[in-house]
Amino acid sequence: MGTITALGLLLLICMVVVGGTQGLQAWISLIFNFAALFFAMVLMAFHLSPVLVTLVTGVIVLAMTIFLGGNDSNSTMVAFYASVAVLILLVILIIPIEHWAQIQGFGQEDSEDLEGMSTILGISYLNVAVSTAILSTLGAIAEAAIAIAAGLAEILEQHPKITLKNLQGAGFKVGSQIIGTTFNTLFFGFFGGFLALFIWFAGVHYSLGEILNDKILVGEVLMVLFSMMSVIATIPLTTWAMVASERQARKKFVK
Amino acid sequence: MIDEADKQHSFWRRWWPYFVVILGGLLVLGVAHDDGLYQTPILSIQSVKKMSSQKQSDQFNNEDQQVEQQLRGVITNGQHKGRQLTIDNTYLKSQATTLGYHTGQKVFLTVHHNHGNLSATISNLKRDTALAFTAWLTVSLLLVLMRFSGLMALTSVIVNGVLFWLAVNWNTNTQGGIVLVIFGGLAIVFAALTLLIVIGFNRQMLMTLLATIGGTALSIIVALVVFALTHERGVYYESMQYVTQLPRPLFLAETILGSLGAVMDESTDIIASLMALKAEKPDISAKQIFKSGRQIGGEIMGPLVNVLFFIFVAETLPLALLFLKNANSWGYTFNMTMSLGVVQSLISGIGIVLTIPLACGITSLMIGGHQSWGRLRH
């Protein structure tokens, strides 16, 4: 058995033992997300527009992660709408910044990987860079949206008569509880993955100026910042979506 | 007098995020005009002329446009400041390894002197302003929307960033020989410091720290056992990027750091919820604490594993596309570009799941009351 298969099966067993049906769902969503990512890549290789492919993949991935992750149907629906809104805002932000910073493709540090490769590709790597940045934030958006929506759903369950204004305040309070640890999840996730690059910088004695303008590093830091912004934006958007949905539910109830 | 001071105090409490935003904005403006700080000559591009455009193709039937452009600009720093310069630049439209430039951009130059004439080639694009702007935007959003908790989150990230850089330099000074010791040890320091900033020093923080370190260690031990049993078949260390030292320990160090944040996130969530539960219902039994903790953990583990999965695997997309366009099979492309990221996601995933019983166990033992587990069983 290959190592990946063994680890995958072990993860399935752990998830089912600890989380039961929910564990199984979590495992399925991970496998599904991998398939979606791989499929998106193949479509890009067939010259479909990378950004369009990414947007469609993004919405599907958010739906799968959120609906397979949550329990309460109303709060998961709200989380999904909010996360799609964040995704759209993020795309509007990412496209101009990536055009500005031009971090697409490969840097001088990649030359070993590129040896013997043809770089006549016919795919706009600027669009690929936009896609990469969007895809890398999807998990963070879904997680934050679920956390806020689930937290608010619980508050609503315990205090069904809470005013909408207090509900909004509660959303920000839940947000302030998750923001510190979520930022660190993102920081370590990204910087852990790029440890080798930093060791390279230190070993070759890059100057601060070289580091701050390096294509690979700037691209990486931009991805961390996009993820962080998406998490920050998720907090008010999910809260407002929850308040709006509750307002509508109460109107119906009055009628 | 006291009234006046109070007023001033509340004024600051209300408006400090906006002052930071304005200060940061000025800083970004400074970065946009920092050319004088660089030793390397910088050219500000004033006009771009497209000279020619040619179709190119390779042996895999990929087609691309090769564009030649002529850039005119003025040097903005150093001894040649003010000199006009014309530079030719050739790029492929896909821009995977070459770049096309446009008016208004600034580039770093490598200057050649021949017979008193000045000629130059472009070595890199100046990206510091874009980076500073995006960082400023993030910090502004964070402070204006989240205020104090945003400031704490920012502080912990900055502290961790500084520590991370110190550790990287330490690793370089020891020639990478003890990379696992350095980053394994640092993971503990990272966790302790971050939790101190986010939670503060108390029993809850110590419990969370214990669960975080335990969960991360457990995931690495499990990974090593699986590696030994499967003889690391399908783990292609040679596909690791930017490697300047022994890849295997480096990979493990990356995995430890990568999963640390998520495991910490999860233990914080579980233990904080359980502490709140205990405060609400002081007579709750240890067993019930364990059970609720498992339920909370079960809800957050799926989304968390996916967070790391997208971070680890999405960034392999550009290289994977390059492999596919060079007529490599899907399987080979996966092995050479994505497989290590997938292995990392799976190891972190196992860590995230195993942390749940660990965090619940620690909490129920510490705050579960004086009744023993045995007597609680019905």
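The rules we used
- Residues numbered from 1 in each chain as written.
- Chains lettered and ligands numbered in written order.
- Predicted model: local features only at pLDDT ≥ 70, side-chain atom pairs only at ≥ 80, totals over all residues.
- Heavy atoms only, no water.
- Helix = DSSP H or I, 4+ residues; strand = E, 2+ residues; numbered from the N terminus.
- Contact = heavy atoms within 4.5 Å.
- Areas by Shrake-Rupley, 256 points an atom, 1.4 Å probe, with all protein chains shown as cover.
- Salt bridge = Lys/Arg side-chain N within 4 Å of Asp/Glu carboxyl O.
- Buried < 20%, exposed > 50% of the residue type's maximum accessible area, 1.4 Å probe, protein only.
- Patch = residues over 30% accessible without salt bridge, like charges linked within 9 Å, V, L, I, M, F, W, Y side chains within 5 Å.
- pLDDT = per-residue confidence, 0-100.
- Core = buried A, V, L, I, M, F, W, Y, C linked by side-chain atoms within 4.5 Å.
- Buried area = accessible area lost by both parts, 1.4 Å probe.
- Polar contact = N/O pair within 3.5 Å; in protein donor to acceptor, adjacent residues only side chain to side chain.
- 1 Å grid on protein atoms, 1.4 Å probe; cavity = no way out; pocket = protein on both sides within 12 Å on 5 of 7 lines; lining within 4 Å.
- Points joined across faces, edges and corners; volume = space filled by probe spheres on them.
- Nonpolar A, V, L, I, M, F, W, Y, C, P; charged D, E, K, R; others polar.
- Pairing = 2+ DSSP bridges.
- Axes fitted to C-alpha atoms, helices over the stretch in contact; angles between N-to-C directions.
- Phe/Tyr/Trp six-rings, centres within 6.5 Å; stacked < 30°, edge-to-face > 60°.
- UniProt positions renumbered as here; feature names shortened; annotations may be inferred.

A. Expanded view of the overall build of chain A. Of the regular secondary structure elements, chain A holds 10 helices and zero strands. Starting at the N terminus and walking to the C terminus, you meet the elements of chain A as α-α-α-α-α-α-α-α-α-α. Based on the C-alpha atoms only, the size of chain A along its principal axes is roughly 70 × 45 × 35 Å. For chain A, the share of sequence-separated contacts (at least 6 apart) that also reach a separation of at least 24 residues comes to 76%. Split by element, the accessible area of chain A, about 9800 Å² in all, is 69% carbon and sulfur.

B. A look at the pattern of salt bridges. Residues and elements named next belong to chain B. Applying the stated criterion to the full structure yields seven salt bridges over all chains. Between Lys126 and Asp34 there is a salt bridge; the shortest N-O distance is 2.8 Å. You can see Lys126 sitting in the loop between β5 (117-125) and α2 (128-173) and its partner Asp34 sitting in the loop between α1 (2-32) and β1 (42-57), a full 92 residues away along the chain. Looking at Lys126, the relative accessible area reads 10%, which means it is buried. Of the residues examined, Asp34 reaches a relative accessible area of 12% and is grouped as buried. Among the salt bridges present, the one from Asp128 reaches Lys126, with a minimum N-O distance of 2.9 Å.

C. Expanded view of a nonpolar patch on the surface. On the surface, Phe11, Trp12, Trp15, Tyr18 and Phe19 of chain B cluster together into a nonpolar patch covering about 510 Å² of accessible area. You can see Phe19 of chain B is positioned in helix α1.

D. Main features of the confidence of the model for chain A. Looking at chain A as a whole, the pLDDT averages 93, with 98% of positions reaching at least 70. Highest mean pLDDT in chain A belongs to helix α1 (residues 3-19) of chain A (96); lowest belongs to helix α5 (residues 111-114) of chain A (86).

E. Structural context of the nonpolar core. Ile179 and Leu195 of chain A together with Phe164, Phe183 and Phe227 of chain B are the most contacted members of the largest nonpolar core, which totals 185 residues. Top element by residues in this core is helix α6 (residues 125-158) of chain A. It accounts for 20 residues. Listed in part, the 13 residues of the second largest apolar core include Leu43, Ile75, Leu85 and Ile87 of chain B.

F. Looking closely at the interface of chain B and chain A. At the interface, 118 residues of chain B touch 113 residues of chain A. Summing both sides of the interface, chain B and chain A together bury roughly 10400 Å²; the carbon and sulfur share of this comes to 75%. The largest share of the area that chain B buries against chain A comes from Arg127, Tyr242 and Phe310 of chain B, three residues that together contribute 8% of it. Across the chain B-chain A interface, the total number found is 33 residue pairs in polar contact (both at pLDDT 80 or more). No other element matches the 25 residues that α2 of chain B contributes to the side of chain B that touches chain A.

G. A look at empty space enclosed by the protein. Overall, the coordinates contain one cavity of 30 Å³ or more when judged by the stated rule. The space that makes up the largest cavity amounts to roughly 650 Å³. For the largest cavity, the lining is made up of 35 residues, of which Phe194 of chain A together with Gln241, Tyr242, Glu315 and Thr316 of chain B are closest to its centre. Mapped by element, the contributors of at least two residues to the lining of the largest cavity are α6, α8 (195-204) and α10 (215-254) of chain A together with α5 (247-280), α7 (317-325) and α8 (330-367) of chain B. Residue composition of the lining of the largest cavity, grouped by class: 18 nonpolar, 11 polar and six charged.

H. Expanded view of the sheet that holds strand β4 (residues 106-114) of chain B. All names here are of chain B. The five strands lie next to each other as β3-β2-β1-β4-β5, forming an open sheet whose pairing is antiparallel. At either margin of the open sheet sits one strand with a lone partner, and together these are β3 (84-92) and β5. The average undirected angle you get between the axes of adjacent strands in this sheet is 40°.

I. Representation of the packing of aromatic side chains in the model. Taken as a whole and assessed by the stated rule, the structure comprises 29 aromatic pairs over all chains. Ring geometry for Phe187 of chain A against Phe164 of chain B: centres 6.5 Å apart, planes inclined by 80°, an arrangement best described as edge-to-face. Residue Phe187 of chain A is located in helix α7 (residues 164-193), and its partner Phe164 of chain B is located in helix α2; the two belong to separate chains. The same class applies to Phe187 of chain A as to Phe164 of chain B, namely buried. Aromatic side chains Tyr38 of chain B and Phe108 of chain B sit 5.1 Å apart centroid to centroid with 65° between the ring planes, which places their arrangement in the edge-to-face category.

J. Quick peek at the UniProt feature "transmembrane region" (unreviewed entry) in chain B. Under the UniProt annotation, the feature "transmembrane region" (unreviewed entry) is placed at residues 15-32, 129-146, 152-170, 177-199, 205-230, 304-324 and 344-367 of chain B. Helix makes up 100% of residues 129-146 of chain B and strand 0%, with an end-to-end C-alpha separation of 25 Å.

K. Broad picture of the UniProt feature "transmembrane region" (unreviewed entry) in chain A. All names here are of chain A. In the numbering adopted here, UniProt assigns the feature "transmembrane region" (unreviewed entry) to residues 35-68, 80-103, 123-156, 177-201 and 221-243. Note that residues 177-201 is 96% helix and 0% strand, and that its end C-alpha atoms are spaced 35 Å apart. In residues 221-243, helix accounts for 100% and strand for 0%; the two terminal C-alpha atoms are 34 Å from one another.

L. Quick peek at the side chain of Thr172 of chain B. Mapped onto the elements of the fold, Thr172 of chain B is located in helix α2. A polar side-chain atom of Thr172 of chain B sits 3.0 Å from the main-chain carbonyl oxygen of Val168 of chain B. Among all residues touching Thr172 of chain B, those that are not within four sequence positions of it are Ile199, Ala202 and Gly203 of chain A.

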